[in-house]
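If you want the building blocks of each chain, they are given just below.
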Amino acid sequence: MKRLNFDVDVIDCEGGEGVDLDILRQKLEADQAHVVKAVCVVHNETSTGVTSDIGEVRQVLGIDLLLPTRHHQIVTYQYEARHPVLLLVDGVSSVGAIDFRMDEWKVDVDLTGSQKALSLSPPGLESPKAIEASKHAKSTRGYFDWGEYIKCYKSGSYWPYTPSVQLLYGLRASLDLILKVEGLENVIARHSRLAEATRQAVIAWGLTVCAKEPKWHSTVVTGVVVPPWLNSNDVIKVAWKKYNLSLGIGLGKVAGKVFRIGHLGYVDELQLLGALAGVELALTDVGYPVTLGSGVAAAQAILSRQTPSIASRL
Ligand SMILES: Cc1ncc(COP(=O)(O)O)c(C=O)c1O
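Computed from a prediction, not measured in an experiment: that's the story for all the values here.

Trainee: Mind showing me how you'd approach the pairing of strand β12 (residues 258-262) here?
Mentor: Here is the key point about a regular strand: its side chains alternate between the two faces of the sheet. Of all the five residues making up β12, four are buried; the element is thus mostly covered by neighbouring parts of the structure. Two strands pair when backbone bridges link them, and strand β10 (residues 221-225) and β12 are joined in this way by five bridges, in the antiparallel orientation. Residue pairing in the sheet places Thr222 in a bridge with Ile261 of β12. Of the strand pairs in this sheet, strand β11 (residues 248-249) and β12 are connected by two bridges, and their pairing is antiparallel. Looking across to β12, one finds that Ile249 is bridged to Phe259.

Here it is in structure tokens:
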């Protein structure tokens, strides 16, 4: 946003914390002239394993009422809310794994990513409010100028540039897996169960989860804080080099302090248990005192209680 010369007011927070609703509320209440045009929120912060509640953010902004007004043949829209700001959400690592309600939360634009829960999706779903705002915005646009896409869609040619047809077929296949084979509710429940098992393993190792409060616990990635005498990158290095296990690094403020265990997308119980066993080996190698099998057993206790039978094999 800054690179595109937008005037950005960043609400900074500690690694491990989600959206600060009080500060957001104060800033919007202070903005009587409605200078602020959009609130940008990350639904699931992948670098720390923190999920923010977008429904609560929407409550702070107020509910929009879309009021079409006709002047002859031209339709314009007026909006009534506590603040008429657009709600733009980064759902890159949440959509398709964590409960996300575009319509109910009146999200104006959501971006998601091909490489995360949905696998292979093109980004960009937007509300009428966002389309209307884009008609008057003076910001620079390029490849993802909606105007071009909407024009082509209406004319039946669908794509203003060469479409990535393979990605679209891939998207169809991954959406079928999520929506038809497993079912979205089951996918969301699987992510919750794997996350809880992972957190229990972290506790059994005597380590802590980066997300500071349970309300921010991510179900798709768990950030694990190591003790100050240990560099988390050493754990990641040995896991990769010796056990062929790819853990995530801590980014920004938590670099060297956190490693991340991903449980996002097409991951099942036994894959997770293998990963947790690998983490135990890597921790042992770097000199962290862990009882081998302790985290795996803690995770197994959760998984044996919570894992349902596979629907297609009942
Ligand atoms: C929450 C979140 N937002 C944005 C991005 C950036 O996505 P991309 O790498 O596709 O630009 C990532 C990538 O990991 C992410 O996790």
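Trainee: Honestly, the packing of aromatic side chains in this entry has me stumped. Any pointers?
Mentor: A ring pair, where both rings are aromatic, is described by two values, the distance of the centres and the angle of the planes. In this structure the tally under the stated criterion is four aromatic pairs. A ring pair is formed by Tyr149 and Tyr161, whose centres lie 6.0 Å apart and whose planes are at 75°; its orientation type is edge-to-face. With Tyr149 in helix α4 (residues 146-155) and Tyr161 in the loop between α4 and α5 (165-182), this residue pair connects regions lying 12 residues apart in the sequence. Given the relative accessible area of 31%, Tyr161 is considered partly exposed. Ring centres of Trp229 and Tyr288 lie 6.4 Å apart, and the angle between their planes is 15°; on these two criteria the pair is classed as stacked. Pair noted here: Trp229 is in the loop between β10 and α7 (232-243) and Tyr288 is in the loop between α8 (269-285) and α9 (294-306), with a separation of 59 residues, a long-range link.

Trainee: Just checking my understanding: could you explain the layout of surface pockets for this structure?
Mentor: A water-sized probe rolled over the atoms picks out the places where empty space is left. The calculated volume of the second largest pocket comes to roughly 780 Å³. Those elements that place two or more of their residues in the lining of the second largest pocket are α5, α6 (184-204) and α8. Considered class by class, the residues forming the lining of the second largest pocket number 11 nonpolar, 10 polar and six charged. Among the domains, domain 1 (21-174) and domain 2 (184-313) are the pair contributing at least three residues each to the lining of the second largest pocket.

Trainee: Could you clarify how one ought to interpret the environment of Gly206 in this entry?
Mentor: Within the secondary structure, Gly206 is located in the loop between α6 and β9 (208-209). The class of Gly206 is exposed, set by a relative accessible area of 57%. Sequence separation between Gly206 and Val226 is 20 residues, and the spatial gap between their C-alpha atoms is 9.5 Å.

Trainee: Just checking my understanding: could you explain the environment of Cys13 for this structure?
Mentor: Within the element layout of this structure, Cys13 appears in the segment before α1 (21-30). Residues within four places of Cys13 in sequence aside, it is in contact with Gly18 and Lys253.

Trainee: Explain the side chain of Glu280 to me, please; I cannot follow it from the model alone.
Mentor: Mapped onto the elements, Glu280 comes out in helix α8. At 14 Å, Lys242 is the nearest oppositely charged side chain to Glu280, a buried residue that forms no salt bridge. Among all residues touching Glu280, those that are not within four sequence positions of it are Trp205, Val290, Thr291, Leu292, Gly293, Ser294, Gly295 and Val296.

Trainee: Is there a simple way to think about the packing of α6 against α9 in this case?
Mentor: In a pair of packed helices, the angle between the axes and the distance between the axes together describe the arrangement. Look at α6 against α9: their axes get within 7 Å of each other, and the N-to-C directions meet at 150°. Between α6 and α9, the crossing angle belongs to the class labelled roughly antiparallel. Here the hand of the crossing between α6 and α9 comes out right-handed. Of the residues in α9, those in contact with Arg193, Leu194, Glu196, Ala197, Gln200, Ala201 and Ala204 of α6 are Ser294, Gly295, Ala298, Ala299, Ile302, Leu303 and Gln306. Of the residues contributing to the contact of α6 with α9, the split by class is eight nonpolar, four polar and two charged.

Trainee: Honestly, empty space enclosed by the protein in this entry has me stumped. Any pointers?
Mentor: According to the stated counting rule, one finds one cavity of 30 Å³ or more in the structure shown. A volume near 40 Å³ is recorded for the largest cavity. Taken together, Thr48, Gly49, Arg199, Val209, Ala211, His217, Ser218, Val221, Thr222 and Gly223 form the lining of the largest cavity. Ranked by the residues each element gives to the lining of the largest cavity, the list is headed by β10, at three residues. Its residues placed into classes, the lining of the largest cavity shows three nonpolar, six polar and one charged.

Scoring rules and cut-offs
- Residues numbered from 1 in each chain as written.
- Predicted model: local features only at pLDDT ≥ 70, side-chain atom pairs only at ≥ 80, totals over all residues.
- Heavy atoms only, no water.
- Buried < 20%, exposed > 50% of the residue type's maximum accessible area, 1.4 Å probe, protein only.
- Helix = DSSP H or I, 4+ residues; strand = E, 2+ residues; numbered from the N terminus.
- Pairing = 2+ DSSP bridges.
- Phe/Tyr/Trp six-rings, centres within 6.5 Å; stacked < 30°, edge-to-face > 60°.
- 1 Å grid on protein atoms, 1.4 Å probe; cavity = no way out; pocket = protein on both sides within 12 Å on 5 of 7 lines; lining within 4 Å.
- Points joined across faces, edges and corners; volume = space filled by probe spheres on them.
- Nonpolar A, V, L, I, M, F, W, Y, C, P; charged D, E, K, R; others polar.
- Domains from an automatic or database assignment.
- Contact = heavy atoms within 4.5 Å.
- Lys, Arg positive; Asp, Glu negative; His and termini not counted.
- Salt bridge = Lys/Arg side-chain N within 4 Å of Asp/Glu carboxyl O.
- Axes fitted to C-alpha atoms, helices over the stretch in contact; angles between N-to-C directions.
- Parallel < 35°, antiparallel > 145°, perpendicular 65-115°, else oblique.
- Left-handed = near helix turned anticlockwise from the far one by under 90°.

Function cannot be read off these values alone, since they describe shape.
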